[in-house]
Amino acid sequence: MGSIELRDVAKIYPFVETGGLLGRRQRIEQLARQKAMPHVSNEGVIVLQHIDLTIRDGEFLVLLGPSGCGKTTLLRLLSGLETPTVGSVLFDGKDMAGVPPEDRDVAMVFQNYSLYPHFTVFDNIAFPLRNLHIPRQELTETVERMAALLDLSDCLNRLPFQLSGGQVQRVAIARALVRKPRLFLMDEPFSNLDAPMRAALRRMVKRIHTELGTTFVYVTHDQTEALALGERILVMKDGCVLQDGTPAQIYTGPNCVDAALALGTPPMNLFPDLPSEDGFVTLLGVRVPLPEGVNRPVTVGIRPVHIQPAADGTPVRIETVEELGSERVLHLSAEGRTFLAVIPTEPEKTLLRGDMLPVTFDPARVCLFDGDGAALFR
């Protein structure tokens, strides 16, 4: 298939109706909450605001952002479960207005697995193919091939209640992929699983994408999933796309404060309202050059991994030490500010609360932002 496009797409959900006697008080309270939301119009709550997006054939796109930012709504617009209030959704240049979900050749995996409890794993995976009237032999071979791809070959005769959480989710993925859709949508599919299982399924999904070459759009609020899976990430907030780029581009060159905080664990340190002097700002004894013509207070952002101990650095106070095995997260304070540093663990070196530790950073690695949070590029 070719590309998928969203052209100037906006979505507005109408305000709740308040008529009638039963539940009227609750509806009035709900209406008041909706009207207090950040983005409303006379028609209702604005969930997506003028999205322009092209999804390339075969790419793995991740939608990253907090709950309520519009990620799932965008996914539902692609699937046909929602229609845009304004704008167009195009598949291969064809406007999808009025095309129902079943005719879009799109498969979707939700946070809740929704398997048929009385069907075996084989029958759950085979269900979409039976609706297409695939010959029995071809159906069996296709299901077995998909089961092998997702390490489910030993489970084909089991019922869903006999499976682990990870196996159930793999069955849901296999059922969606078995008919080879043009577009595969995943809405926070691993959020109900424990951390080791999420990591294992991330690796499996990445391998499946490489082998099948299907276009994937994956929704998550977990930055680890976004970095591990995405060839390209859309950082979203309040129904808008803040930044569109590769994981490396967004991590090293965020275009605003919110995008900077969306990626990186621990999050980026921000030092707001640092005064400029002769084209520089000074932080922890380091002079950071500013873009030409900037002579106003700025916010300096530094990743915790870029703040490191140095014999000739500025002494800072250790407030807390988090031991994470191969590395330590230091909570530091200096110049009336608190910030984090991530350093390699040295077992022979003990760091305690109240100790003074000299640290420094490379000024070339910092990010600069102006007063409204937009990036300043040097």
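Residues numbered from 1 in each chain as written. Predicted model: local features only at pLDDT ≥ 70, side-chain atom pairs only at ≥ 80, totals over all residues. Heavy atoms only, no water.

Draft legend 1. How the structure looks around the pairing of strand S1 (residues 4-14). Strand direction decides the pairing type here: S1 and strand S4 (residues 86-91), joined by five bridges, are antiparallel. Along S4, the bridge assignment pairs Ala10 with Val86. In terms of strand pairing, S1 meets strand S2 (residues 44-55) through eight bridges, oriented antiparallel. In the sheet register, Val9 faces S2, and the bridge partner there is Ile51. (Pairing = 2+ DSSP bridges. Helix = DSSP H or I, 4+ residues; strand = E, 2+ residues; numbered from the N terminus.)

Draft legend 2. Spotlight on the state of the cysteines. This model, assessed by the stated rule, comprises zero disulfides. For Cys256, which is in no disulfide, the shortest distance to another cysteine sulfur is to Cys240 and amounts to 11 Å. Using a relative accessible area of 14% as the deciding quantity, one classes Cys256 as buried. The thiol sulfur of Cys367 is not disulfide-bonded, and the nearest other cysteine sulfur, from Cys256, lies at 11 Å. (Disulfide = S-S within 2.5 Å. Buried < 20%, exposed > 50% of the residue type's maximum accessible area, 1.4 Å probe, protein only.)

Draft legend 3. Broad picture of the packing of aromatic side chains. Tallied over the entire structure, the rule returns eight aromatic pairs. Consider the rings of Tyr116 and Phe119, whose centres lie 5.1 Å apart with planes at 50 degrees: the pair is tilted. The exposure class of Tyr116 is partly exposed, given its relative accessible area of 31%. Judged by relative accessible area, Phe119 falls into the partly exposed class, the value being 22%. (Phe/Tyr/Trp six-rings, centres within 6.5 Å; stacked < 30°, edge-to-face > 60°.)

Draft legend 4. Looking closely at the packing of helix H3 (residues 121-131) against helix H5 (residues 165-177). Interhelical geometry of H3 versus H5 gives an angle of 30 degrees and a closest axis separation of 7 Å. Comparing the axis directions of H3 and H5 gives the class roughly parallel. Note on packing geometry: the crossing formed by H3 with H5 is right-handed. Taking contact as the criterion, the partners of Val121, Asn124, Ile125 and Pro128 in H3 are, on H5, Val171, Ala174 and Arg175. Classifying every residue of the contact of H3 with H5 by side-chain character gives five nonpolar, one polar and one charged. (Axes fitted to C-alpha atoms, helices over the stretch in contact; angles between N-to-C directions. Parallel < 35°, antiparallel > 145°, perpendicular 65-115°, else oblique. Left-handed = near helix turned anticlockwise from the far one by under 90°. Contact = heavy atoms within 4.5 Å. Nonpolar A, V, L, I, M, F, W, Y, C, P; charged D, E, K, R; others polar.)

Draft legend 5. Region of interest: unusual backbone geometry. With an omega dihedral of -5 degrees, the bond running from Thr265 to Pro266 counts as a cis peptide bond. Structurally, the position occupied by Pro266 is in the loop between helix H9 (257-262) and strand S11 (269-274). For Lys180, which is not a glycine, the phi torsion comes out positive at approximately 55 degrees. By the secondary structure assignment, Lys180 is in the loop between H5 and strand S7 (183-187). One non-glycine residue, Leu284, lies in positive phi territory at about 50 degrees.

Draft legend 6. Highlighting the pairing of S4. Pairing between S4 and strand S5 (residues 94-95): two bridges, direction antiparallel. Note on S5: the bridge partner recorded for Leu90 is Asp95. Hairpin connection, S4 to S5: the antiparallel pair is bridged by two residues, and Asp92 has positive phi, about 55 degrees.

Draft legend 7. Geometry of the sheet that holds S1. A sheet is described by the order of its strands in space; here four strands give the open sequence S2-S1-S4-S5, paired in antiparallel fashion. A single partner strand is all that each edge strand has here, and the edge strands are S2 and S5. With respect to the sheet, helix H2 (residues 71-79) is in contact with S1, S2 and S4, its orientation differing from that of S2 by roughly 60 degrees.

Draft legend 8. Just the pattern of salt bridges, in detail. The final tally for this structure, using the stated rule, is 14 salt bridges. Note that Arg179 is salt-bridged to Asp105, the shortest N-O span being 3.2 Å. Note that Arg179 is positioned in the loop between H5 and S7 and Asp105 in the loop between S5 and strand S6 (106-109), a separation of 74 residues in sequence. Note on Arg179: relative accessible area 30%, which makes it partly exposed. Assessed through its relative accessible area of 29%, Asp105 is described here as partly exposed. Each member of the salt-bridge network shares a partner with another, and the members are Arg56, Glu59, Arg232 and Asp244. (Salt bridge = Lys/Arg side-chain N within 4 Å of Asp/Glu carboxyl O.)

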